[in-house]
Amino acid sequence: MSSGVYERLADAVGRAKAGSPLTAVTVVVPSVGAGRDVLHYLARRDGVANTRVLTVGQVVERLAGPALLPRLPLPYPLLEAAIQRVLCDEPGVFAEVADQPVTAQALAGASWTLSSFADPVLADASPMVADLIRIHRIATRAHSARYFQQWEAYSTALGRLGQLGSVVAFLPGESDSAAAAFVAELRAVGETIADEGDVFGTMVVHASDADDEVRSVARLVRSYLSAGTPGHRIGVFYGGDDPYLQLIHEHFGRAGLEFAAPQCHSLIDRPVARSLLRILKLDTDVMPRRELLAILSERAVRWNDVDGERLSQIRIERLTRTAVPIVGGSDWDRLGELEPDAYYAGTAATLSDLVTSLQRDLRSLSGVTSWQDASDQLVALLDRYFDTPFAVDLALVRTMAAGLGEMDGIASAPTPRGIAEAMAVRVRTHNEQVGVLGAGVSVGPIAAGVGRDLDVCIVIGAAEGIVPAARREDPLLPSELAGRTLADEIEQQRRRLMLTLAGGARHRVVTFPRGSLRGGAEKVPSRWLMPTLDALAGKSVGVTSWQADTADAVTVVCIESFDAAAQYADERIGASTATETEWRLRALAGVPASERQTLLDDDVVRNGMLTRSDRLNGRFTRFNGNLSRVRDLVRFFDKPVPPTRLEEWIVSPYRFFVHNLLGVDTLDDPDVSTTMDPLTRGNLVHLVLEQYVKECIAGERRSLDRLLDIAEDVLSDARVLAPGWLPQLWEKDSGVIRRDLVEWYAHDNREHLEGWTPAFAERGFGKDPDEVELDLPGGRIRFSGAVDRIDTHSDGRLRVTDYKTGKSEYYRAQTGDTPTVGGTRFQLPVYGLFARTLGAGVVEARYWFVSTKGQFAEIGYPVTDSVIDDLREGVGVVHRAISAGYFPPRPPEPTIWTDELLELLGRPGLERAWVALENVPELAEFVAIYSGDGS
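Source: prediction; values computed, not measured.

A. Here's a closer look at the overall build of the protein chain. Helices and strands together make up the secondary structure of the protein chain, namely 34 helices and 21 strands. Taking 935 residues into account, the globule formula puts the C-alpha radius of gyration at 30 Å, and the protein chain, at 38 Å, lies well above it. Looking at the protein chain as a whole, 49% of its 935 residues are labelled buried. Counting every atom, the protein chain has about 43200 Å² of accessible surface; 52% of that belongs to carbon and sulfur. When the 99 basic and 129 acidic side-chain charges of the protein chain are each reduced to a single mean position, those positions are 4 Å apart.

As structure tokens, then:
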């Protein structure tokens, strides 16, 4: 604020004291921050003795509060509760939406504004506005014996103005008409220090978006601090909470700046309050697994096992996704079905205790008949389930819960939804500050900067649509009822901007973004910034040509982008970087690319640059799948390996590495699995056929009825283990399986009549005495697996069968001439290699497509020496590559099936890395295979 305004204020206080320093004087200020500055200024002028510096709200509270005792101000949460009760009893025109929480919130907000007026009326009001006034009157008058409204406080305070002594109104300008009327009375009995008209900024900074804008402000603040300006003499004021408040917290925090500001992560955004509200909304009949585990993941809720150990989130996820898939409801009962010595038995018992206990407590809470009982039970619930690491937030929420009892007689009878809403409104309206005003940079909305006495004032977000903020007529509060037009509000915004900007005695900086973080049209400077641009440019600046018109103005700074600002210092906003990251980027930009890897003594940065360089330039290193330097750690072939695992390496070596060597995999979500996926369908068919064939081998009579009985048992068990499957889809899928089994039975009987008899089902190999080995050039490989079925023929032939339930087109190329399809498929020849160890002279291997989709086709060939030679050649390539530590980032070919692990790894990133590696010599054999030249 210019020294002239504060000098006039000091002179006014001096006149009020009339030479007597102890004469009572009250200075009414526009904000808390202004009150602090005024107090400090008067202290330096010896005018602080018996001088009170108060905001309008503090004046009203000081004068009216004691006089209206024992009544208390009507709190907003109780007003909303009273509105909800009226909506329940007499909804009027709001009947169709009376049960929606947003209805009560909208009406309570309007009623809160009307509470400043003794008898709000509006001639020719619409039915909706008329009903709002009716609901407001009922909700407020019913509780007037215990609580008073704002209009009563204004009225009472006006009758006690004499207690203030002499009054000086400093830069008055309240935002609502009732407060403005009260201030007018104050001005009538005292002296007014008015503003000095519009002011101009001394610098304008525009950036590509709000993110870069706040980064630039952080640099600017650092430059003022380094020049000797104390932090408490700098103010940063923004045009809107979204997105500026969070961005300021983020960038000022990274820059190491001390600041005092509203909290950007309010109580409702933090674990304790968020978890409690989610718990209160749980369906106690279902206790949905996904929601319950999401609550536990917040770490605010704690539940210990019998040994006092916290319930492990990882173990519960694995337990309820794989071991005992759960969606909710009766699924929780299956936790008790695990055997006592099962791996997850302890976790299951503890989780079951938690679900049962929480379900019982929530049902008890839903049955309360008074708000005091609800309060007591809610406090007990917090004490029982919530953890102490969040002690501060827990104490706040506990206090809110303890206060619910005051709703008896005000709100409707408590219900589960009502209790949740009552807590939500208290949490939502709880405001917090971070930092201490006066101990660092002051940060707040533009209104908080009015009347401040600072050296540096920075206003952020001065673009059209932000300053002024867009305003529309409120259908619940038309201008005639609220006593304030849209034009009045716009003018109030303009005046606040000017008074805030005037607070910078030496520097007045205005910034704005040229674009939005959310995309959309370009932004233009605020209409109220144009006079400043005219003054700084020395000419008239056009609304659409402002950028060209100000290009040569030294005090209009353009921040092209984050990259440009990080690399090149602009002395006008400070040469220093705002954060350590920016310092590193600037240091790296100052040297040629070839010298950057050794510039910083930071392994993380160095490795990041190596990674990027190797991937861009096609160098096959540890950053894109070459682990040859640690190949001794790759012990994949120490044990027998399934042939399908080798095929996985061919499909995607890097995915193979992550999945098979690192053991990374995704967990199925029972809530998402609404229908039977192809893999599950195949597994169920395999299991049915396995049990049936084993019974046939044991001598049981071949019977379609028996086959279908087995299918019913298998399908019933599967249905229990898949609680998310939708009944109608389940009936469809299981019906398809039954029809396919009937068709399979006919095919199998025909083969039986042709002389084939099953000898084994699910015949495993890989362990002594059924070891299967294959000599390779420079090594040896052992295989493991299980053959779906092995049959013998009356003529002495032996045939191995692998069931498939999909389409056969993918396998058509696999013939006796191309048994591994160019070294990409090894399952069938490996099964044949095992069958040859069983002593048969002639061995055949086949895929049997046991579904209508696969047309019950057969694809196979005799397993001859040439087949084994082809197997040896193809497996040898994979063996050499894995043994050498080669896992290049080639992604699998796109399919219609979702590969969640691949999605986590990132297909686009793998594709970019692979393109640069296709000509690497170490990968020539692999490239030949997948390109079709490996046969």
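B. Spatial organisation of a negative patch on the surface. Together, Asp 665, Asp 668, Asp 677, Glu 900 and Glu 903 give the surface a local cluster of negative charge. Inspection of the secondary structure assignment puts Glu 903 in helix α32 (residues 900–905). Looking at Glu 903, the relative accessible area reads 53%, which means it is exposed.

C. Looking closely at the side chain of Arg 495. Tracing the chain through its elements places Arg 495 in helix α19 (residues 486–501). Using a relative accessible area of 18% as the deciding quantity, one classes Arg 495 as buried. Setting aside chain neighbours within four positions, we find Arg 495 in contact with Leu 171, Pro 172, Gly 173 and Asp 195.

D. Looking closely at the sheet that holds strand β5 (residues 166–170). If you walk across this open sheet you meet the four strands as β2-β1-β5-β6, and the pairing is parallel. The open sheet has two edge strands, β2 (51–55) and β6 (191–193), and neither has a second partner. Neighbouring strand axes in the sheet, compared pairwise and without regard to direction, differ in orientation by 20° on average. Judged from the four bridges that link them, strand β1 (residues 25–29) and β5 form a sheet pairing that is parallel. Bridge pairing in β5 places Val 28 opposite Ala 169.

E. Molecular detail of the UniProt feature "domain: PD-(D/E)XK endonuclease-like" (unreviewed entry) in the protein chain. Here, the residues flagged by UniProt with the feature "domain: PD-(D/E)XK endonuclease-like" (unreviewed entry) are residues 643–891. Helix makes up 45% of residues 643–891 and strand 19%. Its end C-alpha atoms lie 20 Å apart.

F. Molecular detail of the nonpolar core. Core analysis: the biggest nonpolar cluster contains 78 residues, and Leu 276, Leu 280, Leu 351, Leu 378, Phe 386 and Met 423 have the highest contact counts within it. It is helix α4 (residues 76–89) that provides the largest number of residues to this core, a total of eight residues. Ignoring any residue separated from it by four or fewer positions in sequence, one finds Leu 351 in contact with Leu 311, Ile 316, Leu 319, Thr 320, Trp 332 and Leu 335. Counting 58 residues, the second-largest nonpolar core is a separate cluster that includes Ala 207, Leu 257, Leu 454 and Leu 533.

G. Region of interest: the side chain of Ser 703. For Ser 703, the location among the structural elements is in the loop between α27 (678–697) and α28 (704–720). In this structure Ser 703 comes out as buried when scored by relative accessible area, which is 10%. At 3.2 Å, the side chain of Ser 703 forms a polar contact with the backbone nitrogen of Arg 706. Ignoring sequence-local partners within four residues, the contact set of Ser 703 consists of Tyr 692 and Tyr 745.

H. Structural view of the packing of helix α7 (residues 150–158) against helix α8 (residues 177–189). For the pair α7 and α8, interaxial distance at closest approach is 11 Å and the crossing angle is 0°. In terms of their interaxial angle, α7 and α8 are classed as roughly parallel. Taking contact as the criterion, the partners of Tyr 154, Ala 157 and Leu 158 in α7 are, on α8, Ala 178, Ala 179, Phe 182 and Glu 185. By residue class, the composition of the contact of α7 with α8 is six nonpolar, no polar and one charged.

I. Local environment of the environment of Glu 695. Assignment of secondary structure puts Glu 695 in helix α27. Each C-alpha atom, one on Glu 695 and one on Thr 429, is 69 Å from the other, the two residues being 266 residues apart in sequence. Excluding anything up to four places from it in sequence, Glu 695 contacts Glu 700, Arg 706 and Ile 710.

J. Main features of the packing of aromatic side chains. With the rule as written, the count across this model stands at 26 aromatic pairs. The interplanar angle of 40° and the centroid separation of 6.3 Å between the aromatic rings of Tyr 654 and Phe 657 together place this pair among those described as tilted. Of the two residues, Tyr 654 and Phe 657 are both situated in helix α26 (residues 653–661); the distance of three residues between them amounts to about one turn of the helix. The exposure class assigned to Tyr 654 is partly exposed, which follows from its relative accessible area of 26%. On the basis of relative accessibility, which here comes to 16%, the residue Phe 657 falls in the buried class. Aromatic ring contacts, followed pair by pair, group Phe 636, Phe 637, Tyr 654, Phe 656, Phe 657 and Phe 887 into a single cluster.

K. Representation of the sheet that holds strand β15 (residues 756–765) within the structure. Read across the open sheet, the five strands follow the order β15-β18-β19-β20-β21; overall the sheet is mixed. Because the sheet does not close on itself, it has two edges, and the strands there are β15 and β21 (858–862). If you compare each strand with its neighbour and ignore which way they point, the axes differ by 25° on average.

L. Highlighting the pattern of salt bridges. Applying the stated criterion to the full structure yields 63 salt bridges. Arg 45 is the salt-bridge partner of Asp 11, the closest N and O atoms lying 3.6 Å from each other. Note that Asp 11 is positioned in helix α1 (residues 3–17) and Arg 45 in the loop between α2 (32–44) and β2, a separation of 34 residues in sequence. Relative accessible area serves as the criterion here: at 37%, Asp 11 is assigned to the partly exposed category.

M. Helix α11 (residues 271–280), seen in detail. Along α11, eight of the ten residues are buried, which leaves the element largely enclosed by surrounding structure. All buried positions along α11 are accounted for by Pro 271, Val 272, Ala 273, Ser 275, Leu 276, Leu 277, Ile 279 and Leu 280. Buried residues along α11 sit against α12 (289–297), α14 (345–366), α15 (371–385), α16 (391–402) and α17 (416–428).

N. Fine view of α19. Here α19 contains 16 residues, and its C-alpha end-to-end distance of 23 Å stays within 8% of the 22 Å for a straight helix at 1.5 Å per residue. Listed in full, the buried residues belonging to α19 are Gln 492, Gln 493, Arg 495, Leu 497, Met 498, Leu 499, Thr 500 and Leu 501. If you follow the buried residues of α19, they end up packed against β8 (234–238), β12 (454–460) and β13 (504–513).

O. Fine view of the environment of Ile 248. For Ile 248, the location among the structural elements is in helix α10 (residues 241–254). Among all residues touching Ile 248, those that are not within four sequence positions of it are Val 214, Val 236, Tyr 238, Gly 253, Phe 259, Val 443 and Ile 460.

P. Broad picture of the packing of α28 against helix α29 (residues 727–753). At a minimum axis separation of 10 Å, α28 and α29 run at an interaxial angle of 155°. Here α28 is positioned roughly antiparallel relative to α29, judged by the angle of their axes. In this structure, α28 crosses over α29, and the sense of that crossing is right-handed. Across from Leu 704, Leu 707, Leu 708, Ala 711, Glu 712, Leu 715 and Arg 719 in α28, the residues of α29 making contact are Pro 727, Trp 730, Ser 734, Ile 737, Arg 738, Leu 741, Val 742, Trp 744 and Tyr 745. Across the contact of α28 with α29, the residue classes tally to twelve nonpolar, one polar and three charged.

Q. Structural detail: the environment of Asp 669. With respect to the element layout, Asp 669 can be found in the loop between α26 and α27. On the basis of relative accessible area, Asp 669 is assigned to the buried category, the value being 13%. For the pair Asp 669 and Val 327, spaced 342 residues apart in sequence, the C-alpha to C-alpha distance is 8.9 Å. Those residues within four positions of Asp 669 in sequence are excluded, and the remaining contacts are Arg 289, Arg 290 and Arg 321. Within the structure, the side chain of Asp 669 is placed 3.0 Å from the backbone nitrogen of Asp 671, a separation counted as a polar contact.

R. Quick peek at unusual backbone geometry. Note the cis peptide between Asp 242 and Pro 243, where omega equals 10°. Examined against the element boundaries, Pro 243 turns out to sit in helix α10. With omega at 10°, the peptide bond leading from Asp 768 into Pro 769 counts as cis. The phi dihedral of Asn 50 is positive, around 55°, even though this residue is not glycine. Take Asn 50: it is sitting in the loop between α2 and β2. Take Asn 50: its relative accessible area is 37%, and that puts it in the partly exposed class. Phi at Glu 762 takes a positive value of approximately 50°, unusual for a residue other than glycine. Relative accessible area serves as the criterion here: at 29%, Glu 762 is assigned to the partly exposed category.

Here is what the cut-offs are and how they apply
Residues numbered from 1 in each chain as written. Predicted model: local features only at pLDDT ≥ 70, side-chain atom pairs only at ≥ 80, totals over all residues. Heavy atoms only, no water. Helix = DSSP H or I, 4+ residues; strand = E, 2+ residues; numbered from the N terminus. Rg over C-alpha atoms; globule rule 2.2 N^0.38 Å. Buried < 20%, exposed > 50% of the residue type's maximum accessible area, 1.4 Å probe, protein only. Areas by Shrake-Rupley, 256 points an atom, 1.4 Å probe, with all protein chains shown as cover. Lys, Arg positive; Asp, Glu negative; His and termini not counted. Charge placed at Lys NZ, Arg CZ, Asp CG, Glu CD. Patch = residues over 30% accessible without salt bridge, like charges linked within 9 Å, V, L, I, M, F, W, Y side chains within 5 Å. Salt bridge = Lys/Arg side-chain N within 4 Å of Asp/Glu carboxyl O. Contact = heavy atoms within 4.5 Å. Pairing = 2+ DSSP bridges. Axes fitted to C-alpha atoms, helices over the stretch in contact; angles between N-to-C directions. UniProt positions renumbered as here; feature names shortened; annotations may be inferred. Core = buried A, V, L, I, M, F, W, Y, C linked by side-chain atoms within 4.5 Å. Polar contact = N/O pair within 3.5 Å; in protein donor to acceptor, adjacent residues only side chain to side chain. Parallel < 35°, antiparallel > 145°, perpendicular 65-115°, else oblique. Nonpolar A, V, L, I, M, F, W, Y, C, P; charged D, E, K, R; others polar. Phe/Tyr/Trp six-rings, centres within 6.5 Å; stacked < 30°, edge-to-face > 60°. Expected span 1.5 Å × (residues − 1). Left-handed = near helix turned anticlockwise from the far one by under 90°.

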